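Chain residues, written in single-letter form:
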Amino acid sequence: MSAPRSIPVLRPLLPHADRLLPYLRRIDATRTYSNWGPLVDELERRLETHFGLPMHGVVSAASGTAALVGAVLGIAGRAGRQRPLALIPAYTFAATALAVEQCGYRPYLVDVDPRTWQLDPARLLNQSGLNRVGLVVPVAPFGRPVPHDHWIGFRHRTGIPVAIDGGASFEGASDESRRFLGEIPTAFSFHATKSFATGEGGCVTTTDAGTSKRITQALNFGFFEIRDCQSPSTNGKMSEYHAAVGLAELEGWTEKRAALRSVAESYRARLSTAGLADRFIGAPDVAGCYALFHGADAAEAARAQESLDRSHVEYRLWYGKGLLSQSYFSDLEHDALDVTNEMAPRIIGLPVAPDLSAEAIDAVVSALCGGVAQRR
Ligand SMILES: *Cc1c(COP(=O)(O)O)cnc(C)c1O
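None of the values given here were measured: they were computed from a predicted structure. (Residues numbered from 1 in each chain as written. Predicted model: local features only at pLDDT ≥ 70, side-chain atom pairs only at ≥ 80, totals over all residues. Heavy atoms only, no water.)

Q: Sorry if this is basic, but what is going on with the overall build of the protein here?
A: A tally of regular secondary structure across the protein gives 14 helices and 11 strands. For 376 residues, the compact-globule estimate of 2.2 N^0.38 gives 21 Å, and the C-alpha radius of gyration of the protein, at 21 Å, lies within 12% of that figure. Projected onto the principal axes, the alpha-carbon positions of the protein cover approximately 65 × 55 × 35 Å. The 376 residues of the protein split such that 55% are buried. For the protein, contacts bridging at least 24 residues in sequence account for 71% of all contacts bridging at least 6. (Helix = DSSP H or I, 4+ residues; strand = E, 2+ residues; numbered from the N terminus. Rg over C-alpha atoms; globule rule 2.2 N^0.38 Å. Buried < 20%, exposed > 50% of the residue type's maximum accessible area, 1.4 Å probe, protein only. Contact = heavy atoms within 4.5 Å.)

Given below as structure tokens:
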């Protein structure tokens, strides 16, 4: 007998080949494959309409990480000697720290707010050593978008540049773009695992035309209009092929988003029947690509994981136990990280797919009940 098939933690579903073909034929016809060609241009303009942003309010990028590098270089440049530090949350994906490091900053880890899981701008105003800080990167954890105006205030008060790692917050930012998008550049990831996906890809949003130009330049060898490298930069451009996927993804976006939302509703309904409603965090509170089990404490979360293992249900601690627990980042400077340390082991990513079956959701929920019930 073969081993029981496991339920994968994430099974992305991107547009099928037939949906891509009309766009690929356009690439054949124009023989333009990159460098802000017609498909990238169309995707950017459509995303501007989608978000309600002005012309050039969206700059596409090769990945979310590249988008963040472009945003940082565009507003703050590389780190200088006087202000070598970048404040970032301890609870985020490795890419946040890697992107600021690529721009020459030394990441300094700050704890997150227990309610929002984000950096708290009011608290950061009283952070000691701000005179050595050249950059702050608030993160949208699990796609919970970052409110813009608090950070505008922080920037005015301190003069410190802010770039937002919007990660997976495409849905939240779409729904309330006035609240979540503005002048401060916000980087989005379109990685295959994110709700809105192009395979690899991303974009930066900003309402400021000068910032948009500098980010575009930072993602294209420091060139802008002329072939002269004028600024610290990288190659972080999106190709026409990825834009093709993005355009097809936009066509089917309403349905995909609804499918992810209904997966969250199914989890919610079943966990509620099981008396575990308060342990679930899903869309629309977080992005639809995440369905999170929030253990009452670390012990309950550990029992839930053992039970998921026994039932062949895959799960993932998407941000591990925080950045400091990643080998490469283990000696970063940091504040006290009580919230991150207490919270990270309790947040378990459950299986998600736009077409996740009712049976699969039942299997996940009964595994969780098995794990949690042991103590009751
Ligand atoms: C996905 C993600 C990234 C990285 O994006 P890539 O497109 O994989 O480079 C960075 N930060 C956050 C918060 C993310 O969720």
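Q: Please clarify how the site of the ligand should be interpreted in this entry.
A: Around the ligand lies a shell of 13 residues, among which Gly64, Thr65, Asp165, Ser189 and Lys194 are the nearest. Interatomic distance of 2.6 Å between a side-chain N/O atom of Thr65 and an oxygen atom of the ligand. One nitrogen or oxygen atom from the side chain of Ser189 is found 2.6 Å from an oxygen atom belonging to the ligand. A total of 380 Å² of accessible area belongs to the ligand in isolation, and the protein chains cover 91% of it. Residue composition of the shell around the ligand, grouped by class: four nonpolar, seven polar and two charged. (Near = heavy atom within 4 Å. Polar contact = N/O pair within 3.5 Å; in protein donor to acceptor, adjacent residues only side chain to side chain. Areas by Shrake-Rupley, 256 points an atom, 1.4 Å probe, with all protein chains shown as cover. Nonpolar A, V, L, I, M, F, W, Y, C, P; charged D, E, K, R; others polar.)

Q: What is the right way to look at the pairing of strand β5 (residues 164-167) in this model?
A: Looking along a regular strand, one sees side chains alternate from face to face of the sheet. Here β5 shows a buried face lined by Ile164 and Gly166 and a second buried face lined by Asp165 and Gly167. In the sheet, β5 pairs with strand β6 (residues 186-189) via three bridges, with the strands oriented parallel. Bridging across to β6, Gly167 finds its partner in Phe188. (Pairing = 2+ DSSP bridges.)

Q: Teacher, can you tell me more about the domain arrangement of the protein here?
A: For an interface, size is often stated in terms of accessible area lost upon the parts coming together. Domain annotation of the protein identifies domain 1 (17-251) and domain 2 (253-315 + 350-373). Measuring from the centre of the C-alpha atoms in domain 1 to the corresponding centre in domain 2 gives 29 Å. Domain 1 puts 17 residues into the contact, and the matching count from domain 2 is 13 residues. In terms of surface lost to domain 2, no three residues of domain 1 exceed Phe142, Glu171 and Ser195, which account for 41% of the buried area on that side. Joining domain 1 to domain 2, the criterion identifies three salt bridges. (Domains from an automatic or database assignment. Buried area = accessible area lost by both parts, 1.4 Å probe. Salt bridge = Lys/Arg side-chain N within 4 Å of Asp/Glu carboxyl O.)

Q: Just checking my understanding: could you explain the pattern of salt bridges for this structure?
A: For side chains of opposite charge, pairing can occur when their charged atoms come near one another. The tally for this structure, following the rule as stated, stands at 18 salt bridges. When the shortest N-O distance is used, the salt bridge between Glu249 and Lys256 registers 2.7 Å. One salt-bridge network, held together by shared partners, links Asp41, Glu44, Arg45 and Glu48.

Q: Please clarify how the sheet that holds strand β11 (residues 347-349) should be interpreted in this entry.
A: Paired through backbone hydrogen bonds, the strands of a sheet run either parallel or antiparallel to each other. Strands sit in the order β8-β9-β11 across an open sheet of three strands; the sheet is antiparallel. Two strands bound the open sheet, and with one partner strand each, they are β8 (280-281) and β11. By the bridge criterion, two bridges tie β8 to strand β9 (residues 292-294) in an arrangement that is antiparallel. Across the sheet, Ile281 pairs through a bridge with Leu292, a residue of β9. Along the sheet, helix α12 (residues 298-310) makes contact with β9 and β11, crossing β11 at roughly 20°. (Axes fitted to C-alpha atoms, helices over the stretch in contact; angles between N-to-C directions.)

Q: What's the story with the pairing of strand β2 (residues 85-89) in this structure? I'm lost.
A: Burial analysis of β2 places five of its five residues in the buried class, the great majority of the element. Burial of the side chains of β2 extends over both faces: Leu85, Leu87 and Pro89 are buried on one face and Ala86 and Ile88 on the other. Bridge count between β2 and strand β3 (residues 106-110): five bridges; the pairing is parallel. Paired with Leu85 across the two strands is Arg106, which belongs to β3. Considered for its hand, the β-α-β crossover made up of β2, helix α4 (residues 94-102) and β3 is right-handed. Pairing between β2 and strand β4 (residues 133-136): three bridges, direction parallel. Note that in β4 the partner of Leu87 across the bridge is Val136. (Right-handed = clockwise from strand over helix to strand, strands pointing away.)

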